[in-house]
Number of protein chains: 2
Amino acid sequence: MTQTPFRIVFAVYPGMTQLDFTGPHQFLSRVPGSETVVASRDGGDVPAEGLVFAGTSVLAEIEACDLICVPGGVNASEVALDAAFVGEVRRLALGARYVTSVCTGSLILGAAGLLTGKRAACHWAWRHLLPLYGAVADGGRVVRDGNVITGGGVTAGIDFALAVVAEIGGDELAQTLQLGLEYAPAPPFDAGRPETAPAAVLAAYRARMDPMMPQREAQTLKAAARLGIALA
Amino acid sequence: MTQTPFRIVFAVYPGMTQLDFTGPHQFLSRVPGSETVVASRDGGDVPAEGLVFAGTSVLAEIEACDLICVPGGVNASEVALDAAFVGEVRRLALGARYVTSVCTGSLILGAAGLLTGKRAACHWAWRHLLPLYGAVADGGRVVRDGNVITGGGVTAGIDFALAVVAEIGGDELAQTLQLGLEYAPAPPFDAGRPETAPAAVLAAYRARMDPMMPQREAQTLKAAARLGIALA
């Protein structure tokens, strides 16, 4: 660990998928010698999928951190266009030892110019957008490329968190947290990936998601274009 | 579903293990035709493991619900002695179609007199306390006995949620949520249960937990004694 305490910043935003954030937070906040900060662009209340997270810090007021984690959300491609938020993520990430995300949070890392040439995970239904940021889309549940560690969709954040804990605190600490949080998953169905979901389930899901994809692609192209200018 | 919308109440409290609550909430709040209410004894802010959940409703102001879910917490045996909280849980549960909990939340259901003669799950390290409430401790990750559905420790809440979604909305809905939340777990270690954790990890965990157990047992006996009077 680079400093004491090892500072972990979750960069959150209204509309995020709360489990992308709360899953890893449950594990990472239990790492001895670490300090977990939940921060947003404006600070204060952050509403997310029916919950409201109160008392978040202001990202711009955080000087530095050891690890930054950006959760995903159904509005991730829109948040990728929020220059203030993305700028703070970039600033903190450039000084961090680890740059991380869960789910579509990788699209925000992408918009921050942090994934150029890097392999990264993403929610399966959005993964094809990663190359627009110069990233290499990877279907892994947890993907590591250098100091960038990314998790796949939503619940992948728990597997991601264990991998991160093992990285920063060792395997035994990760196993101790796994035991304490009784992570011995036993899903009653095997429908968590498009490859294993029943065809009808996949078709229904796609029918609901596909109409939104053109807008998400347009937003991503716009964010990527800005990035081109910013990095030029 | 018994009413429209199908009302789901999470009965939360300061000090709960947030993932016990946020995991199931992520799935259940996406059930079409349902309404998810987060409520606490006093309403307002509920701090839990470094997070603060704002804007919770007041339990006493909720007339009825279809499903009540009580999360666990390291202070569950203390919360089991909070007569006002436990009383509201009991009142709502007696009118609900489903009575549920995650992790040590089952100890609160027990204190509310809802588990007498019932099989129930609990976090593995606390499971032996359930019989003090007249319940039958069950090592299952998700346990159903009549209208009582309980999940094991913390992350079991996600498997629990899928089982509950399947019950109230059908298998296809559960599978659709599983696909959307990409629940295809791949833990990097197999340390999530005492039976599979490395011996050193289990020993270290027990060494930290065991000193707290006498107090938890005393609290549970006290809550159980109250229950005996209340039910007499």
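All of these numbers come straight from a predicted model, not from anything done at the bench.

### Details of the pairing of strand β4 (residues 51-58) of chain A
Looking along a regular strand, one sees the side chains alternate between the two faces of the sheet.
All names here are of chain A.
Right, so step 1: Pairing analysis gives 2 bridges linking strand β2 (residues 34-40) to β4, with the strands arranged parallel. Across the sheet, residue S40 finds its bridge partner in β4, namely V58.
Right, so step 2: Bridging between strand β3 (residues 44-48) and β4 involves 4 bridges; their strand directions are antiparallel. Note that in β4 the partner of A48 across the bridge is L51.
Right, so step 3: Hairpin connection between β3 and β4: a loop of 2 residues separates the two successive antiparallel strands, and E49 in this loop has a positive phi of roughly 55 degrees.

### Observations concerning the layout of surface pockets
Right, so step 1: The space that makes up the largest pocket amounts to roughly 310 Å³.
Right, so step 2: Taken together, 20 residues line the largest pocket, and the ones lying closest to its centre are R30 of chain A together with V74, Y205, R208 and M209 of chain B.
Right, so step 3: Counting residues per element, the lining of the largest pocket draws most heavily on helix α6 (residues 171-180) of chain A, at 4 residues.
Right, so step 4: Class assignment of the residues belonging to the lining of the largest pocket gives a composition of 10 nonpolar, 6 polar and 4 charged.
Right, so step 5: Empty space within the second largest pocket amounts to approximately 230 Å³.
Right, so step 6: Along the walls of the second largest pocket sit 14 residues, with Y13, P14, R41, D42 and D82 of chain B positioned nearest its centre.
Right, so step 7: For the lining of the second largest pocket, the secondary-structure elements that each account for two or more residues are β3 (44-48) and α2 (76-79) of chain B.
Right, so step 8: Considered class by class, the residues forming the lining of the second largest pocket number 6 nonpolar, 3 polar and 5 charged.

### Here we look at the environment of L94 of chain B
Residues and elements named next belong to chain B.
Right, so step 1: Along the chain, L94 falls in helix α3 (residues 83-95).
Right, so step 2: Relative accessible area serves as the criterion here: at 58%, L94 is assigned to the exposed category.
Right, so step 3: Measuring from C-alpha to C-alpha, the distance between L94 and L114 comes to 8.3 Å, with 20 residues separating the pair along the chain.

### Considering the UniProt feature "domain: DJ-1/PfpI" (unreviewed entry) in chain A
Right, so step 1: Under the UniProt annotation, the feature "domain: DJ-1/PfpI" (unreviewed entry) is placed at residues 7-166 of chain A.
Right, so step 2: Secondary structure over residues 7-166 of chain A splits into 29% helix and 29% strand, and the C-alpha atoms at its two ends are 16 Å apart.

What counts and what doesn't
- Residues numbered from 1 in each chain as written.
- Chains lettered and ligands numbered in written order.
- Predicted model: local features only at pLDDT ≥ 70, side-chain atom pairs only at ≥ 80, totals over all residues.
- Heavy atoms only, no water.
- Pairing = 2+ DSSP bridges.
- Helix = DSSP H or I, 4+ residues; strand = E, 2+ residues; numbered from the N terminus.
- 1 Å grid on protein atoms, 1.4 Å probe; cavity = no way out; pocket = protein on both sides within 12 Å on 5 of 7 lines; lining within 4 Å.
- Points joined across faces, edges and corners; volume = space filled by probe spheres on them.
- Nonpolar A, V, L, I, M, F, W, Y, C, P; charged D, E, K, R; others polar.
- Buried < 20%, exposed > 50% of the residue type's maximum accessible area, 1.4 Å probe, protein only.
- UniProt positions renumbered as here; feature names shortened; annotations may be inferred.

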